[in-house]
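Letter by letter, the chains look like this.
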Amino acid sequence: MNLDQIVCQQVIETERFILRPVRKSDAGLIEHYVSDERVARMTRSIPHPLPPGAAEAFVARAMADERDEDVWVIDGTADGDSELKGVIGLKRMDRNQSEVSYWTAPPFWNTGLASAALKALVDANPQNNAAMFACVFQDNPASARVLIHCGFDYLGDAESFSVARDATVPTWTYSRKL
């Protein structure tokens, strides 16, 4: 696979940032931000400490033709800000549904960025989903507020494994019909 290829994925523009496909040059900033334990602990799949090559492998998966998830970088350069403020993705599920996941870099926490990125993704609905789902760890109420703010409804409690914590963690599950 050519890592410089263009990923066929919609670019979503807002006044504050654009959501654009991941590119090879994003690996360094992704590694920088997800190496922060505070970020990794709030995700299911990011290990801590981050092993060598993990960011590059993530970028390669995000750019692959045969991927099951579309991933966008929250890019603030259009507004004179940071090139990578976070990442948001949609993993395809059955019955015309996707699971949304996101993280924002700590310098952009509590700025409304995650809510704005999720709202832009929901409004664009690039996979033409009938519904989107999300789950957040119960010790991350800020992410739950992002989902509620963007019209997601609480479905119930569950558990998910966190690689960074090496433990099963209680979650809240949400959905939004589109």
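Up top you'll find the structure we're talking about.
What comes next is a walk through the structure. In this text the structure is predicted, and so the values were computed from the model without any measurement. (Residues numbered from 1 in each chain as written. Predicted model: local features only at pLDDT ≥ 70, side-chain atom pairs only at ≥ 80, totals over all residues. Heavy atoms only, no water.)

1. Thoughts on helix 1 (residues 27–34)
Which entries qualify depends on this criterion: A 1.4 Å probe rolled over the protein chains alone gives each residue an accessible area, and that area as a share of the maximum for its type sets the label: buried under 20%, exposed over 50%, partly exposed in between. Runs of E in the DSSP output that reach at least two residues are strands. Runs of H or I that reach at least four are helices, and both are numbered from the N terminus. The directions considered for the arc run from the helix axis to the C-beta atoms.
Considered for burial, the residues of helix 1 that qualify are A27, I30, Y33 and V34. Each buried residue of helix 1 lies within a common arc of 135 degrees when the element is viewed along its axis, so the set occupies one face.

2. Considering helix 4 (residues 113–124)
Worth spelling out the cut-off: To estimate how far a helix should extend, the number of its residues minus one is multiplied by 1.5 Å.
Spanning 12 residues, helix 4 covers 16 Å between terminal C-alpha atoms, matching the ideal 16 Å at 1.5 Å per step. Of all the positions in helix 4, only L113, A114, S115, A117, L118, A120, L121 and V122 are classed as buried. With its phi angle positive at about 40 degrees, N125 sits one or two positions after the end of helix 4.

3. Here we look at the side chain of S143
What counts is decided by this rule: For this analysis, residues touch if any pair of their heavy atoms sits within 4.5 Å.
Looking at where S143 falls in the secondary structure, it is placed in helix 5 (residues 141–149). Look at S143 and you get buried, because its relative accessible area is 13%. Contacts of S143, omitting those with residues within four sequence positions, involve Y102 and V136.

4. Concerning the nonpolar core
Test applied: Residues belong to one nonpolar core when they are buried, are Ala, Val, Leu, Ile, Met, Phe, Trp, Tyr or Cys, and are joined through side-chain atoms within 4.5 Å.
Core analysis: the largest hydrophobic core is formed by 46 residues, its most contacted members being L19, I30, I88, W103, L118 and F152. When residues of this core are assigned to their parent elements, the largest contribution, seven residues, is made by helix 4.

5. Side note on the layout of surface pockets
The condition that has to hold: A 1.4 Å probe that fits but cannot get out identifies a cavity on a 1 Å grid over protein atoms alone, an open set with protein on both sides within 12 Å along at least five of seven lines counts as a pocket, and a residue lines either if it has an atom within 4 Å of a point. Grid points are joined across faces, edges and corners, and a volume is the space filled by probe spheres set on the points. Under the scheme applied, nonpolar residues are Ala, Val, Leu, Ile, Met, Phe, Trp, Tyr, Cys and Pro; charged residues are Asp, Glu, Lys and Arg; polar residues are all the others, including Gly.
The calculated volume of the largest pocket comes to roughly 1,400 Å³. Lining the largest pocket are 49 residues, with T43, I46, S101, Y102 and W103 sitting closest to its centre. The element best represented in the lining of the largest pocket is strand 5 (residues 97–104), accounting for six residues. Taken together, the residues of the lining of the largest pocket break down into 28 nonpolar, 11 polar and 10 charged.

6. Remarks on the packing of aromatic side chains
Put simply, the test is: A pair of aromatic rings is counted whenever rings of Phe, Tyr or Trp (Trp by its six-membered ring) have centres within 6.5 Å, and the orientation is called stacked for planes under 30 degrees apart, edge-to-face for over 60 and tilted otherwise.
A complete count under the given rule lists one aromatic pair for this structure. Between Y154 and Y174 the ring centres are 5.8 Å apart and the planes differ by 70 degrees, which places this aromatic pair in the edge-to-face class. One end of the pair, Y154, is in strand 7 (residues 153–162); the other, Y174, is in strand 8 (residues 167–177), with 20 residues separating them in the sequence. For Y154, a relative accessible area of 44% puts it in the partly exposed group. By relative accessible area, which is 4% here, Y174 ends up buried.

7. Some thoughts on the pattern of salt bridges
Rules: When a carboxyl oxygen of Asp or Glu is within 4 Å of a side-chain nitrogen of Lys or Arg, the pair counts as a salt bridge.
Taken as a whole and assessed by the stated rule, the structure comprises 13 salt bridges. One salt bridge connects E83 with R23, and the closest N-O pair in it is separated by 2.7 Å. Taken together, the residues span a long stretch of sequence, with E83 in the loop between strand 3 (69–75) and strand 4 (86–92) and R23 in the loop between strand 2 (18–21) and helix 1 at a distance of 60 residues. Note on E83: relative accessible area 29%, which makes it partly exposed.

8. Some remarks on the packing of helix 4 against helix 5
Let me state the cut-off plainly: Note on definitions: angles span 0 to 180 degrees between N-to-C directions of axes, and those axes are lines fitted to C-alpha atoms, for helices only across the stretch in contact. Should an angle fall under 35 degrees it is called roughly parallel, over 145 degrees roughly antiparallel, and 65 to 115 degrees roughly perpendicular, with every other angle called oblique. Working rule for handedness: look at the near helix, and if it is turned counterclockwise from the far one by less than a right angle, call the crossing left-handed; if clockwise, right-handed.
Here helix 4 crosses helix 5 at 40 degrees, and the two axes come no closer than 9 Å. The angle between helix 4 and helix 5 places the two elements in the oblique class. Seen from above, helix 4 lies across helix 5 with right-handed handedness. Contacts between helix 4 and helix 5 pair A114, S115 and L118 from the former with V146, L147 and H149 from the latter.

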